[in-house]
Structure formats: structure tokens, C-alpha cells
Amino acid sequence: MVEGKAKQSNGQDPVKKHQAGKLLRSWLYAQGLRFRIHRKDLPGKPDIVFTKYKTVIFVHGCFWHYHQDCREGRIPDTNSKFWEEKLVKNIQRDEKHQLALKELGWRVLVVWECEINKNLNSVEFQELIHYIKNN
Ligand SMILES: [Zn+2]
């Protein structure tokens, strides 16, 4: 049984991302989708890979991937220069991986940790399923 309960997050805890990813995978499985995880042979090792639909999902932690318009996606006040450089580098790497995947003919989706924790039964996630299956 999957519970889409929102949790407080400090944004920097990799365990949170792990939990969000697990939550999403259980939910996708319950929707009848089958997939592989962390395929090392693909650029950026996507979290979830739907080979049948040639679609991948990256589950992004809001802090590490600098989620815009999200309270977790911000530069910390202390050591801000260091963090800014680090997070910008993360974003650039994300973009590079996504571009490489698209060039290989994959469709690339990004799901944010905060969206998963908010509500997996929202319209947005229903649309996501629809999008994946209609390829
Ligand atoms: Zn977020």
C-alpha cells in the first residue's frame, strides 16, 4: 500500500530522494507499468526506464537539482558561493544527460521529489501515465 503523505524535508538528505523514488516506483507498478531501474548503459543512469515506451524518468531531489519555484530549491545562506557553483554544475550535467538521451531517441521526463511527496494521485501524475503509455 502506497501512502502519498507529505513529509517535512530538509532537502539535502539523499534518503528522502530515495524514499520518493521508491514511492513513485511502487505507484507506477500499481498502475500496471513495468520498468527497469538505474540502467547504467544509458546517459545519466535514469532512475526509471520504460524500455517498451522508450521513455525514462529522472527523480530529482529538489535541493540537489535546484528546483525552481520550490522552497527546497535554493542556495543555502552559508557557503553560498560554493553551493551555487555546485548546484549549477549539477544542472548542467542534468541537461547534458537529457540531451544525450534525446539524441538516442528516448523521451525524458523529470519528476520532482516534492511533487511525489505532495500527491501521487493528482491530475499531473495521471497525465504522466497517459503520456508514457501513448508512445
Ligand atoms: Zn521541489
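Up top you'll find the structure we're talking about.
Rules and cut-offs
- Residues numbered from 1 in each chain as written.
- Predicted model: local features only at pLDDT ≥ 70, side-chain atom pairs only at ≥ 80, totals over all residues.
- Core = buried A, V, L, I, M, F, W, Y, C linked by C-beta atoms within 7 Å.
- Buried ≥ 20, exposed ≤ 12 C-beta atoms within 10 Å, placed from the backbone.
- Helix = DSSP H or I, 4+ residues; strand = E, 2+ residues; numbered from the N terminus.
- Contact = placed C-beta atoms within 7 Å.
- Pairing = 2+ DSSP bridges.

1. Looking at the nonpolar core
Here comes step 1: Counting 23 residues, the largest nonpolar core has Leu24, Ile48, Val56, Ile57, Val59 and Val111 as the members making the most contacts within it.
Here comes step 2: Those elements giving two or more residues to this core turn out to be helix H1 (14-30), strand S2 (48-50), strand S3 (55-60), strand S4 (107-112), helix H3 (113-118) and helix H4 (123-133).
Here comes step 3: With 4 residues, S3 is the single largest residue contributor to this core.
Here comes step 4: The contacts of valine 111, once residues within four sequence positions are left out, are Leu24, Ile57, Val59 and Ile116.

2. Examining the sheet that holds S2
Here comes step 1: On the basis of which strands lie adjacent, the open sheet formed by 4 strands has the order S1-S2-S3-S4 and mixed pairing. One side of each edge strand has no neighbouring strand; the edge strands of this open sheet are strand S1 (36-37) and S4.

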